[in-house]
Amino acid sequence: MTSSGLRAAAALLLLCAATFAAAAELSDKLRDDSELSQSTAKSFRRLMPVRFYSQVEQNPIANATLTLRSCTIFVPTNEAFQRYKGSIHVLYHITTAAFSKEQLPKSVSSDMEGNPPLYITKNRNGDIYVNNARIIPSLSVEMTNREGKRQVMHIIDEVLQPLSVQKNAKDNINNPDAMQFLQMAEQLELNDFHLRTYRSQVTLAKKESVYQSPGAHTFLIPIDESFKLSARSGLVDAKVIDGHVIPNTVIFTAASQHDDPKTSAAFEDLLKVTVSFFKQKDGKMYVKSNTIVGDAKHREGVVLAEIVKANIPVQNGVVHLIHRPLMIIDTTVTDFLKFLNENGENGALRKFYEVIMDNGGEVLDDITNLSEVTILAPSNDAWNASLIENLLRNRKKMREILNMHIIRDRLNVDKIRQKNANMIAQVPTVNNNTFLYFNVKGEGTDAVITVEGGGVNATIIQADVAQTNGYVHIIDRVLGVPHTTVLGKLESDPMMSDTYKMGQFSHFNDQLNNTQRRFTYFVPRDKGWQKTELDYPSAHKKLFMPDFSYHSKSILERHLAIADHVFTMKDLVQYSEQAGNVVLPTFRDSLQLRVEEEAGHLHDENASHEWTGYVIIWNYKKINVYRPDVECTNGIIHVIDYPLLEEKDVVVSGGSYLTESSICIILANLIMITVAKILN
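Residues numbered from 1 in each chain as written. Predicted model: local features only at pLDDT ≥ 70, side-chain atom pairs only at ≥ 80, totals over all residues. Heavy atoms only, no water.

## A look at the overall build of the protein
Looking only at helices and strands, one finds 24 helices and 29 strands in the protein. Each of the 680 residues in the protein was classed as buried or not, and the buried ones make up 52%. Partitioning the intrachain contacts of the protein with sequence separation of at least 6 by distance along the chain shows that 63% fall at a separation of at least 24. Per element, the accessible surface of the protein, about 31100 Å² overall, is 48% carbon and sulfur. (Helix = DSSP H or I, 4+ residues; strand = E, 2+ residues; numbered from the N terminus. Buried < 20%, exposed > 50% of the residue type's maximum accessible area, 1.4 Å probe, protein only. Contact = heavy atoms within 4.5 Å. Areas by Shrake-Rupley, 256 points an atom, 1.4 Å probe, with all protein chains shown as cover.)

## Concerning the packing of helix H13 (residues 350–358) against helix H16 (residues 395–403)
Interhelical geometry of H13 versus H16 gives an angle of 135° and a closest axis separation of 10 Å. Judged by the angle between their axes, H13 and H16 are oblique. Read as a crossing pair, H13 and H16 show a hand that is left-handed. Contact residues: Phe-352, Val-355, Ile-356 and Asp-358 in H13; Arg-395, Met-398 and Leu-402 in H16. When grouped by side-chain class, the residues that make up the contact of H13 with H16 number five nonpolar, no polar and two charged. (Axes fitted to C-alpha atoms, helices over the stretch in contact; angles between N-to-C directions. Parallel < 35°, antiparallel > 145°, perpendicular 65-115°, else oblique. Left-handed = near helix turned anticlockwise from the far one by under 90°. Nonpolar A, V, L, I, M, F, W, Y, C, P; charged D, E, K, R; others polar.)

## Quick word on the nonpolar core
In terms of nonpolar packing, the biggest core is built from 47 residues, with Leu-512, Tyr-521, Phe-522, Ile-616 and Ile-637 touching the most fellow members. With residues near it in sequence (within four places) discarded, Phe-522 still touches His-559, Met-569, Leu-572, Leu-584, Leu-591, Leu-593, Ile-616, His-638 and Ile-640. Within the second largest apolar cluster, 36 residues are counted, among which are Phe-74, Val-108, Ile-120 and Leu-139. (Core = buried A, V, L, I, M, F, W, Y, C linked by side-chain atoms within 4.5 Å.)

## Points about the side chain of Glu-452
Here Glu-452 lies in strand S20 (residues 448–453). Judged by its relative accessible area of 3%, Glu-452 is buried. For Glu-452, the side chain forms a polar contact with the side chain of Lys-489, separated by 3.4 Å. Apart from the residues lying within four places of it in its own chain, the contact partners of Glu-452 are Phe-435, Leu-436, Tyr-437, Asn-457, Lys-489, Asp-493, Arg-627 and Val-630. (Polar contact = N/O pair within 3.5 Å; in protein donor to acceptor, adjacent residues only side chain to side chain.)

## Some words on the sheet that holds strand S4 (residues 117–122)
Across the sheet, which stays open at both edges, the four strands sit in the order S3-S4-S5-S6 with antiparallel pairing between neighbours. Each edge of the sheet is formed by a strand with only one pairing partner; in this case those strands are strand S3 (107–109) and strand S6 (133–134). Alignment of S4 against strand S5 (residues 128–130), held across three bridges, turns out to be antiparallel. Bridging from a neighbouring strand, Thr-121 pairs with Tyr-129 of S5. (Pairing = 2+ DSSP bridges.)

## What about the packing of aromatic side chains?
With the rule as written, the count across this model stands at nine aromatic pairs. Here Phe-278 and Tyr-286 contribute two aromatic rings whose centre-to-centre distance is 5.4 Å and whose plane-to-plane angle is 15°, an arrangement assigned as stacked. By relative accessible area, Phe-278 is classed as buried at 9%. Its relative accessible area of 1% is what places Tyr-286 among the buried residues. By way of ring pairs, the aromatic residues Tyr-198, Tyr-211 and Phe-219 are connected into one cluster. The ring of Tyr-626 is capped by Arg-525, whose NZ or CZ atom sits 3.7 Å from the centre of that ring. Its guanidinium or amino end placed over the ring of Tyr-437, Arg-627 lies 4.5 Å from that ring's centre, counting from NZ or CZ. (Phe/Tyr/Trp six-rings, centres within 6.5 Å; stacked < 30°, edge-to-face > 60°. Lys NZ or Arg CZ within 6 Å of the ring centre and 35° of its normal.)

## Quick notes on unusual backbone geometry
Within the chain, Asn-248 stands out as a residue other than glycine whose phi angle is a positive 60°. Relative to the elements of secondary structure, Asn-248 occurs in the loop between strand S10 (245–246) and strand S11 (262–267). By relative accessible area, which is 65% here, Asn-248 ends up exposed. Phi at Asp-629 takes a positive value of approximately 55°, unusual for a residue other than glycine. You can see Asp-629 is positioned in strand S28 (residues 621–632). Residue classification places Asp-629 among the partly exposed residues on the basis of a relative accessible area of 25%.

## Observations concerning helix H19 (residues 497–505)
Taken as a whole, H19 has its buried residues at Asp-498, Thr-499, Tyr-500, Met-502 and Gly-503. Residues of H19 that are buried sit in contact with helix H18 (486–492), strand S23 (518–524), helix H20 (526–535), helix H21 (537–543) and helix H22 (549–558). Two residues or fewer after H19 comes His-507, characterised by a positive phi angle close to 60°.

## Here we look at the side chain of Ser-552
Along the chain, the position of Ser-552 falls in helix H22. Its relative accessible area of 0% is what places Ser-552 among the buried residues. A distance of 2.6 Å separates a polar side-chain atom of Ser-552 from the backbone oxygen of Leu-543. The residues touching Ser-552, leaving out its near neighbours within four places in the chain, are Met-502, Phe-505, Ser-506 and Leu-543.

## Looking at the pairing of strand S9 (residues 217–222)
Counted residue by residue, S9 has six buried out of six residues, so it is predominantly covered. Because side chains alternate across S9, one face comprises the buried residues His-217, Phe-219 and Ile-221, and the other comprises Thr-218, Leu-220 and Pro-222, equally buried. Summarising the sheet, S9 and strand S15 (residues 317–322) pair through six bridges and their orientation is parallel. Bridge pairing links Leu-220 to His-320 in S15.

## Quick look at the pattern of salt bridges
Inspection of the entire model under this criterion finds 24 salt bridges. Residue Arg-199 pairs with Glu-186 through a salt bridge whose shortest N-O separation is 3.1 Å. In this pair, Arg-199 sits in helix H9 (residues 196–204) while Glu-186 sits in the loop between helix H8 (178–183) and H9, placing the two residues 13 residues apart along the sequence. Owing to a relative accessible area of 29%, Glu-186 belongs among the partly exposed residues under this scheme. Three or more residues are tied together by salt bridges with common partners; here these are Glu-452, Lys-489, Asp-493 and Arg-627. (Salt bridge = Lys/Arg side-chain N within 4 Å of Asp/Glu carboxyl O.)

## Focus on the sheet that holds strand S1 (residues 71–76)
Pairing is mixed across the open sheet formed by four strands, whose spatial order is S2-S1-S8-S7. Strand pairing shows two members of the sheet lacking a second neighbour, strand S2 (94–95) and strand S7 (141–144), which therefore form its edges. Judged from the four bridges that link them, S7 and strand S8 (residues 150–156) form a sheet pairing that is antiparallel. Bridging across to S8, Glu-142 finds its partner in Val-152.

## Quick notes on the confidence of the model for the protein
Here the protein shows a mean pLDDT of 84. Residues at 70 or above account for 84%. Taken together, the stretch residues 1–24 has pLDDT below 50 and engages in 34 contacts with residues farther than four places along the chain or on a different chain. (pLDDT = per-residue confidence, 0-100.)

## Some thoughts on H20
Among the residues of H20, those classed as buried are Asp-526, Gly-528, Trp-529 and Thr-532. Summarising the axial view, the buried residues of H20 lie within an arc of 160°, below the 170-degree limit, and thus occupy one face. Tucked into the core, H20 has its buried residues touching H19, S23, H21 and H22. (Arc of directions from axis to C-beta.)

## A short note on the environment of Ser-576
In this structure, Ser-576 sits in helix H23 (residues 569–579). Along the backbone, Ser-576 and Glu-596 are 20 residues apart, and their C-alpha atoms lie at a distance of 7.5 Å. When residues no more than four places from it in sequence are discounted, the contact partners of Ser-576 are Val-582, Arg-594 and Val-595. Reaching out from Ser-576, the side chain makes a polar contact with the backbone oxygen of Leu-572 at a distance of 2.7 Å.

This is the structure:
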C-alpha cells in the first residue's frame, strides 16, 4: 500500500470511528455495509479485506468474542491475503484482552485451540511486529462494544501462520514446546524436511531440557540433509546444541536486526558463541554462528547456514530450520565451495562457484593444493554488473580475476587488524606481483573492512567463514573489474585522500571524470605527502592551503600523463630498457622518468618471501611504486611512495608571492580609488 493510500485509509478510519456512537461494537465495524461493502472507498476495502471478515462471520467463537468480550484483533491487509496461499486461522489473529500498541506485552495468548502464543517484538526503528507481521503505524482502532468491553484492532502486513499439522497426524498436537516439536516433526507440515538426526543427538547428549525450557527463545534446528557427511553428526555435542539456541529472545526474520550478534546458550568462560541473522538482496535469510572463544573441540570462526523454513512458532519461542549445523567446522575451502553446486548449500556464493566451473575448474584445483588459503568470494549480487558479463567469456582474463581473490595464507579479521595497525595492510595474491590492500575503519562490531584489488574497492559483508584450512570472506564487488573513473577511485580510496583533497581545492580533479581521455596518474599515497612535511615543512604546509592552489595544481599536473592509451608499469619498464628514459605527455609539458624492476621486500619488511616491485627514478630520486596498475574506467593509477616534488616548487619566501586573498584586497582598493577619482 502506498503512503498516500495509508494516509487516506487512516483518515477514513478515524472519520468512521467518530461517526459511530459510543456503544458501537467492533463487530459492527467489521460487518457494516456502509464501511465494508463493495461500495466502500477503494482504500478502505484494501485496508479491511472482505476475505478476512467473511472468515470472522463464519466462525461462531470469533463472533461471540467480538460481541461479548474484550479483545485485540490483528487484521491482515488485502495484499497480505493475496500473497498467502495457506489456510487462514482467524482465531490465531485474536487475543481476548485489549491492547493498544503501547500496551502490547512480549507475548499474548491467541484464541486458537490450545491458546498458542503470539510474540510481540519492538525493533530499533520503532516498528512493532506480531510474530513475523508488522503492525502498520497509525491504522489502529480502539472502541467499546455494547457490553462495555474495550476492543482494539491493529492492521498487519502478513497473515499470521500457526504451527501447521499434517491432515493424517495421529496425535492431537496443540501448542507444543520446541522439544515436542522435534519429537513430532514427522506429523508436521515442514516442506518434507526431516529432523531425525539432530533429534537423536539432542537425546544422546541429554539436552531435552534446553528445548523444554519455559519462556521465549529462538531455536535453530539443522535438517537431516545437512548430515550427509558421515562424521558430522558425531560432532554435534552438548555445546554445539547450546550454540543453536538463543535464550530469552524471540527472533522472527522480518523483525530481526541485520548482523546483530546475540548471545547463544553456549556462552561461558571457556567457550563464547554468538548467533546473528542477515538477509541477502535476493530475499534469502541466513543465520551464522561466531565462535569468538573456542576450545579443543570447537574452533573459532564463523559458520554460515541458510534458513530453509523460517518462523515456526512454538509454545516457548520460535523455530527456524537451517541447511547445516552451526559451530561445526569440518570442510575444507574447496569442499565448502563444491557444496554450492552439489548439495545446494551455501547459496550465498552460488555464482562464484559457477564462474569457477565455467572457466574449467582449474582455480578450484589450485585452491585444493594450498595447505592454507583465504578466499575473498564475491556475493551473488556482485556478479550482476554489466562489465563483468562482458568478461565472462574471456577465460584468460577471468582466470586472472579469480586468482586475485585467492591468498596463500590463513587470514582472518584479527590478522587483518594486526597488519592494519600502522598502515593499510597489503597482502600478495596467487597472481604474480598482484596485491590486495585492506583497510579497517572503526572498532568492534561497528568496524568496516574494505579490500582493494585491481582498481576495485570492495567491502567485506561477511567475514571469517571458517574452514579447516582457511577462511572465506564474502565481499560485495568482484575485484579486478573497474567500475569507476580515476576521479571516483581517488575519492573512494583511503590511501589517496590527500591527493584527492589537493586536487579538489585547486580544481585539478575536474578533468578526471572525462571518459574520452586515457589518464596515467602517479598518485602519492597519504604517507608520501606526510614524508614531505618532514623534508620540506614550509612547502608542505603551503601545498594544502587554498591560497597556494596554483602551485598545488602545477605539481599535480606533473603527475598526470594524458594520451590515447594508458602506461602500465610493465610498459614503462620496457620503454626504459629500450630508451633509457621515458617521456610522457602531461597537461602543460612532459614528464621524464625511468622505471626499473627491483626484487626485495618493498611492501612488507617482515615478509617471509620476496617479490618483484617497481622503482621510479626521477630527478636522481628513487621512488618506490607502492601499488602499480590500479585500473579505472578511463585510465590507470600508480600509487607511489613519494610525490614528484622539490622544495623550489613552492615559493614561500621574500614576500614575492601574493595569495589570492591579498590580490582581492589590492583589487578592491584599486577599484575604490578609481571610483573616487571619477566622482571627483
